[in-house]
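# What the coordinates show
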Amino acid sequence: MNSLALINEFLGQPPNASSHGYQIDHIIEFCHWFMGALFVGWSTFFIFVLIRFRKRRQPVADYHGVRGPISTHLEFSVVLIEAVLLLGFAIPLWAKRVNQFPPGKEALLVHVVAQQFSFNYHLPGPDGQFGRRDASFVTNSNPLGLDPNDPAGKDDIVTTGELHVPVNRPVIAELSSKDVIHDYFVPAMRIAGDAIPGSLIPIWFTPIKTGSYEVICAQLCGLGHYGMKGTLVVDTPQDYQAWLKERAELAGGAQGAAPSPSPGGAPQPQSKPPAPAASASPGG
Ligand SMILES: [Cu+2]
């Protein structure tokens, strides 16, 4: 990490763990240094003006003000730097994030359904197909309203609070909400997206470091907002397969029942003998 990036650390940013994160860090870092320079510049100017135009020295008001070209040049350069930041960095980076999604086959697709005050995850299971969901099936043990009559949903995996993903594979998360507007924010992945009732909003990232990362809700969504946290665990492919298997067994054991939420932030215990990195066994 170069010394200029220290400002991000100073601001409390957790280390980046996603493939695109360094671009986000770069722009945050640049903006803060630029804002820092502006702050020092304007503060100095303000103090200078207070002293230079004090009443004792200037008993009569001057109605013409500054006439030199310096202020025009200064203001123009500020506008220029801001335009470069916006048009040269921010908008292209944003466009890349929203237009260049990884191909569907390569990526792991997960549905994230927010509710007051937790995040639910819906994975398609070994058959690769998401089961039908309908609000009329929602109960405490079926938080996503999975249709019990839909065969595609029999092997689906539903978890609350904790999601596991494999390292170095793009993840597409489709965000939606059951009640109010939430925001799915994974600071270490440098990704956030609003979860809005009635909308399906895809975001994507590629985790590049295994570990346990905090997920938080970034929209003030009600009284329990402060506690709306979860965990994203980035596993090796072997550990991920083991987790999938474990979840599939749970889903098979209690049809349609949601596994109990895991405590946030708890590190994932090392799972049993690593299965070959092939796809999960069929028929969960
Ligand atoms: Cu929320």
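Everything below is about the structure shown above.
Here's what I pulled together on the structure shown here. (Residues numbered from 1 in each chain as written. Predicted model: local features only at pLDDT ≥ 70, side-chain atom pairs only at ≥ 80, totals over all residues. Heavy atoms only, no water.)

Read from one edge to the other, the open sheet built from five strands follows the order 4-10-9-6-7, with strand pairing classed as mixed. Each edge of the open sheet is held by one strand with a lone partner, namely strand 4 (162-166) and strand 7 (191-195). Going from strand to strand, the sheet's axes swing by 25° on average, the running direction of each strand aside. (Pairing = 2+ DSSP bridges. Helix = DSSP H or I, 4+ residues; strand = E, 2+ residues; numbered from the N terminus. Axes fitted to C-alpha atoms, helices over the stretch in contact; angles between N-to-C directions.)

Counted under the stated rule, the structure contains four salt bridges. Notably, a salt bridge pairs Asp147 with Arg132, separated by 3.1 Å at the nearest N-O pair. Of this pair, Asp147 sits in the loop between strand 2 (118-123) and strand 3 (157-160) while Arg132 sits in the loop between strand 2 and strand 3; the two residues are 15 residues apart in sequence, bridging distant segments of the chain. Linked through salt bridges whose partners overlap, the residues forming this network are Arg132, Asp134 and Asp147. (Salt bridge = Lys/Arg side-chain N within 4 Å of Asp/Glu carboxyl O.)

What follows covers the nonpolar core. Counting 33 residues, the largest nonpolar core has Phe119, Tyr121, Leu163, Tyr184, Met189 and Leu232 as the members making the most contacts within it. With four residues, the top contributor of residues to this core is strand 1 (residues 108-115). (Core = buried A, V, L, I, M, F, W, Y, C linked by side-chain atoms within 4.5 Å. Buried < 20%, exposed > 50% of the residue type's maximum accessible area, 1.4 Å probe, protein only.)

The description of two aromatic rings rests on the distance between their centres and on the angle between their planes. Counted under the stated rule, the structure contains six aromatic pairs. Consider the rings of Trp42 and Phe45, whose centres lie 6.3 Å apart with planes at 70°: the pair is edge-to-face. Of this pair, Trp42 and Phe45 are both found in helix 2 (residues 21-52), three residues apart, which corresponds to roughly one turn of the helix. Cluster of aromatic residues (ring-pair linked, three or more members): Phe119, Tyr121 and Tyr184. For the cation-ring pair, Arg52 lies above Phe53, with the distance from its terminal atom to the ring centre recorded as 4.9 Å. (Phe/Tyr/Trp six-rings, centres within 6.5 Å; stacked < 30°, edge-to-face > 60°. Lys NZ or Arg CZ within 6 Å of the ring centre and 35° of its normal.)

None of this, on its own, says anything about what the molecule does.
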